[in-house]
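Residue-level structural notes
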Amino acid sequence: MKYQFKQYNILPGFGLTLGYTVVYLGLLVLLPLAALTLSALQMTWPEFWSAISSQRAIRSFALTFGTSFIAAVINTIFGLLIAWCLSRMSFPGRKIIDAMIDLPFALPTAISGIALTAVYAPNGILGEPLARLGIKVAYTPIGIIIAMILVGLPFVVRTVQPVLAELERELEEAALGLGASNWQTFSKVIFPLVLPSLLTGFTLAFARNLGEYGSVVFIAGNMPMKTEITSLLIVTHLEQYDYAGATALASAMLIISFVLLLTINLLQTWSGRRLK
Amino acid sequence: MKIISIIYSLALIALPFGLVSCEKQSEADSLELLNVSYDPTRELYQDYNKVFAQHWLAKTGQNITINQSHGGAGKQARAVIDGLKADVVTLALAYDIDVIAEKTGLFPANWQSRLPHNSTPYSSTIVFLVRKGNPKEIKDWDDLIKPGIEVITPNPKTSGGARWNYLAAWGYELNRQLGNLDKVNDQLYAQEVEQANEKAQAFVTELFDHVPILDTGARGATNTFVQREIGDVLLAWENEAFLSIKELGTDKLEIVVPSISILAEPSVTVVDNNANNHNALAAAQEYLSFLYSPSAQKLIAKHYYRPALPEHADPEDIERFPQLIMFTIDKVFGSWQQAQKTHFNDGGIFDQIYVKGSNK
Amino acid sequence: MLFFVQNKYNKGLMPPAWLNWTLVVISLTFLAVFLLLPLVIIFTEAFRQGMTLWWQSISEPEALHALKLTLLTAAVAVPANTIFGLAAAWCLAKFRFFGRNIIITLIDLPFAVSPIIAGMLFVLLFGARGYLRGITDSLDLQIIFAVPGIILATMFITFPFVARELTGLMTQQGSQAEQAALSLGASGWQTFWHITLPDIKWGLLYGIILCNARAMGEFGAVSVVSGHIRGKTNTLPLHAEILYNEYNFSAAFAVASLLAFLALVTLVIKSIAERRKKR
């Protein structure tokens, strides 16, 4: 069989759009990332390794990836639910809520962090009753997760919403007409169609959470080994003019994120292909 | 058709970058200076810039605009190293200015000897801010490690001010062990000093056991203490403590002065090469030396900094500053470089406090 | 009944009322706890000291300059990333080729890069000891600690939005419609304008809205490359932080609420477009 770079397709514009994509991607993303790589290459391997394998670094990786993952999962579940309610139901206030979803993006992360802390600190509106129940939210990993839920939510809702809105309801009609129950129609017809965009939303929210800094530092408490995220550790290195250490951590973070994202994207292509 | 599309798309790629490069900054007609400073000096320089602009106009007949940039001291120093065109830097630690000189060579390494008082026109110290009425009866450093006391300080790794807090606590314990800080630099007492340093490390370790939250910056910590009502005592710059009482309410907070603390010396210098590049060297130099003038010193005291020349300040402003023993960093820790290396760099004592602490 | 929930369409899957109720109540609770409460805090803080002070805080010269800079940044970053997004989505969604997944992942990457690192990347390129310093110096360009650096950092951060929003949607829609149009003799552009674009317009709009919101609200990366010069290189988010650090809480939240309003403007445009379409 002859090796094919791309599968045959009658649609035009492949070369043009791919070329454009690659050039733009190269200039805006790859060039800066190349600078990071170049700068990381100036370190010797033992230096690099000791920077990323210190106890604090490993704890911060575990914390960052753990909280990001949990927050992204919560966002995916509730994001789907919210997108469903917004696109398939009508209830008073729907439009207002629809408009509000994007606001976490527009707010400077520092301000959302401050506002969240005000809500969840032991003297806050929700923090106080929770504290009386013995649940500490602010200044614990739970606080970090909450900050990440806030900044990641629009991703899931806004990727799933257009797909739900454009879904052909004839398909559902057909399924229902053939005697499928509501649940079967949802799980066998709708869910598989939404799954790719749901995965996209999850990936984006997860990725965003990994890098989140501004809002997290306010609510995290920033205790080394306990609530110190990797981004903060990078800033810490920069503060002591240790550019090399910062670069090492940043590139380690980047490589792990790249591998994770690539895996999820491959999974998505695979799940999309299985559908056909 | 195809060629046209390609030209189109190349133009589209180039457009944003073209726009970016067109956005050049216009050169202003009158003289401009950029003062890169740290967080707590905003209010001071806002007022001082007005006074200086009048002074400069009277002296040379030239209008001068002073632009301000504020942020964490380390971040600000890094920006100057990376190319922020500061004409003068007025930072929290001499160490940060040393690093700029060392990494860029924009001004000589002996910068600190170019202005009186080690280039420190104003100083401050570290005090305690407690809740009104001092319910936990905190009087001195050793009260901070009593059971149940929560101490708020920013992270010494990310905040210059917090490094002063940490070193002040260290110096207190060292002084208590030795009885006299002069022994630190005396070879005769080398062994005694070593033991005292071990005690001091234990003291500081215990102190940080009482810290529930490490904010990244001084004002973040103030906010945690005042707005979130967390902790019993906030370690703060004296000027910040005064300011937060003024801004956030005299009915909520009060200052407690420990028996001994550190003399915090924020330093200033001209960034010669940057200022020279736009013929502003004379103005930049005047900007800093005018800080030692009577009117500037008066202003400094008003803004709760201890003026280098207190005789020029209003006596009632000076009266606000409590008397306490203050030691310098050079005396107890050798120099900022040394203190930074031993205590705050990667793997330093501060890191050990936390890595060990969580392995218990 | 004061509060009622019903299905929007009388076609397709129509869950029973009790289920709808449950779903909506769960959604609303979730939103209230995680989204609404922080927003309420911001707006009450912003207006705590009255409309006059709110207006003063956003109409003082430094705030106005920050607003201008923020709008300029969005005006460059959003169109640039929208065009890129359309091109990228077309080739990624309609074609299968070697390396497709790698490109998709690379597009995602700016999300995973901490804003602090994103800023650092541009410092590494254009800083005083940056790799491209030779080029920018010979052109006498000041990139970093000036407006171009802010725009570049924002473009980097908001780079993936439109592309990612559209790729998923266009993949899900497949390309039968386009193929039909082409086989009926339509040109490539015609197919795109008349077949593809109407199908993806909501996705495109969401992408642009998200991109715009984020471009205006970006804080971390911009804070690294801006230099924080008051009245020169401060965007609205940076200005809000400065005010906050001056214990000027109301003004800080006022500026933040202004950003929220700006984001709402795009949504108003969206609903006007929706209404037009219905007529």
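Residues numbered from 1 in each chain as written. Chains lettered and ligands numbered in written order. Predicted model: local features only at pLDDT ≥ 70, side-chain atom pairs only at ≥ 80, totals over all residues. Heavy atoms only, no water.

This part takes up the overall build of chain C. Regarding its fold elements, chain C presents 13 helices and 1 strand. By principal-axis analysis of the C-alpha atoms, chain C measures approximately 60 × 55 × 30 Å. When the 279 residues of chain C are sorted by exposure, 62% land in the buried category. By sequence separation, contacts in chain C at least 24 residues apart represent 71% of the contacts at least 6 residues apart. (Helix = DSSP H or I, 4+ residues; strand = E, 2+ residues; numbered from the N terminus. Buried < 20%, exposed > 50% of the residue type's maximum accessible area, 1.4 Å probe, protein only. Contact = heavy atoms within 4.5 Å.)

On to the pattern of salt bridges. If charged atoms from side chains of opposite charge come close, those side chains can pair. Under the criterion given, the structure shown has 34 salt bridges over all chains. For Glu-286 of chain B, the salt bridge identified is with Lys-59 of chain B, shortest N-O distance 3.1 Å. Pair noted here: Glu-286 of chain B is in helix α11 (residues 281-289) and Lys-59 of chain B is in helix α2 (residues 42-60), with a separation of 227 residues, a long-range link. Across the pair Lys-94 of chain C and Glu-178 of chain C runs a salt bridge whose closest N-O atoms are separated by 3.1 Å. (Salt bridge = Lys/Arg side-chain N within 4 Å of Asp/Glu carboxyl O.)

All names here are of chain B. Taken in spatial order, the 4 strands of this open sheet run β2-β1-β3-β10, and their pairing is mixed. The sheet is open, and its two edges are formed by β2 (64-71) and β10 (267-270), each paired on a single side. Across the sheet, the axes of successive neighbouring strands diverge by a mean angle of 15°, strand direction being ignored. Across 4 bridges, the pairing between strand β3 (residues 88-91) and β10 is antiparallel. Counterpart to Leu-91 in the pairing with β10 is Ser-267. α2 contacts β1 (31-38), β2, β3 and β10 of the sheet and is inclined by roughly 165° relative to β2. (Pairing = 2+ DSSP bridges. Axes fitted to C-alpha atoms, helices over the stretch in contact; angles between N-to-C directions.)

Residues and elements named next belong to chain B. Burial analysis of β2 places 7 of its 8 residues in the buried class, which makes it a mostly covered element. Pairing between β1 and β2: 8 bridges, direction parallel. Bridge pairing links Asn-35 to Gln-68 in β2. Following the chain from β1 across α2 to the adjacent parallel β2, one finds a crossover that is right-handed. (Right-handed = clockwise from strand over helix to strand, strands pointing away.)

A word on the environment of Gln-338 of chain B. Residues and elements named next belong to chain B. Looking at the element boundaries, Gln-338 is found in helix α15 (residues 336-344). We classify Gln-338 as partly exposed; its relative accessible area is 47%. Measuring from C-alpha to C-alpha, the distance between Gln-338 and Phe-208 comes to 21 Å, with 130 residues separating the pair along the chain.

Turning next to the side chain of Thr-224 of chain B. Inspection of the secondary structure assignment puts Thr-224 of chain B in helix α8 (residues 218-226). Those residues within four positions of Thr-224 of chain B in sequence are excluded, and the remaining contacts are Tyr-139 of chain A together with Ile-152, Ile-213, Asp-215, Glu-229 and Ile-230 of chain B.

Before going further, it helps to spend a moment on the confidence of the model for chain A. Of all residues in chain A, 95% attain a pLDDT of 70 or more, and the chain-wide mean is 85. Looking across chain A, the model is least confident in helix α5 (residues 103-106) of chain A, with a mean pLDDT of 80, and most confident in helix α3 (residues 55-88) of chain A, with 92. (pLDDT = per-residue confidence, 0-100.)

Each partner contributes residues to the interface: chain A has 115 residues there, and chain C has 107 residues. Summing the contributions of chain A and of chain C, the shared interface buries around 10,200 Å²; its carbon and sulfur component is 76%. Taken together, the links from chain A to chain C amount to 0 salt bridges. Inspection of the region where chain A meets chain C yields 11 residue pairs in polar contact (both at pLDDT 80 or more). (Buried area = accessible area lost by both parts, 1.4 Å probe. Polar contact = N/O pair within 3.5 Å; in protein donor to acceptor, adjacent residues only side chain to side chain.)

The next thing to look at is the interface of chain C and chain B. Buried accessible area, meaning the area lost when the parts come together, often serves as the stated size of an interface. With 35 residues of chain C in contact, the opposing surface of chain B contributes 38 residues. At the boundary of chain C with chain B, total buried surface from both sides reaches about 3,000 Å², with 60% on carbon and sulfur atoms. Looking at the side of chain C facing chain B, the largest losses of area belong to Phe-145, Asn-245 and Tyr-247 of chain C, adding up to 22% of the total buried there. The interface formed by chain C and chain B contains 2 salt bridges. For the salt bridge of Asp-82 of chain B with Arg-129 of chain C, the shortest nitrogen-to-oxygen distance reads 3.8 Å. Viewed at the interface, chain B and chain C are joined by 9 residue pairs in polar contact (both at pLDDT 80 or more). Among the elements that take part in the side of chain C that touches chain B, helix α7 (residues 147-158) of chain C stands out by supplying 5 residues, more than any other.

For the rest of this paragraph, the subject is helix α4 (residues 100-112) of chain C. Residues and elements named next belong to chain C. Helix length check: α4 (13 residues) gives 19 Å between terminal C-alpha atoms against 18 Å at 1.5 Å per residue, within 8%. Most of α4 sits inside the fold, with 12 of its 13 residues counted as buried. Within α4, burial applies to Arg-100, Asn-101, Ile-103, Ile-104, Thr-105, Leu-106, Ile-107, Asp-108, Leu-109, Pro-110, Phe-111 and Ala-112. (Expected span 1.5 Å × (residues − 1).)

Residues Trp-141, Tyr-166 and Trp-336 of chain B are the most contacted members of the largest nonpolar core, which totals 319 residues. Not counting residues within four places of it along the chain, the set of residues in contact with Trp-336 of chain B comprises Leu-93, Ala-94, Tyr-95, Arg-163, Trp-164, Leu-167, Ile-329, Asp-330 and Phe-344 of chain B. (Core = buried A, V, L, I, M, F, W, Y, C linked by side-chain atoms within 4.5 Å.)

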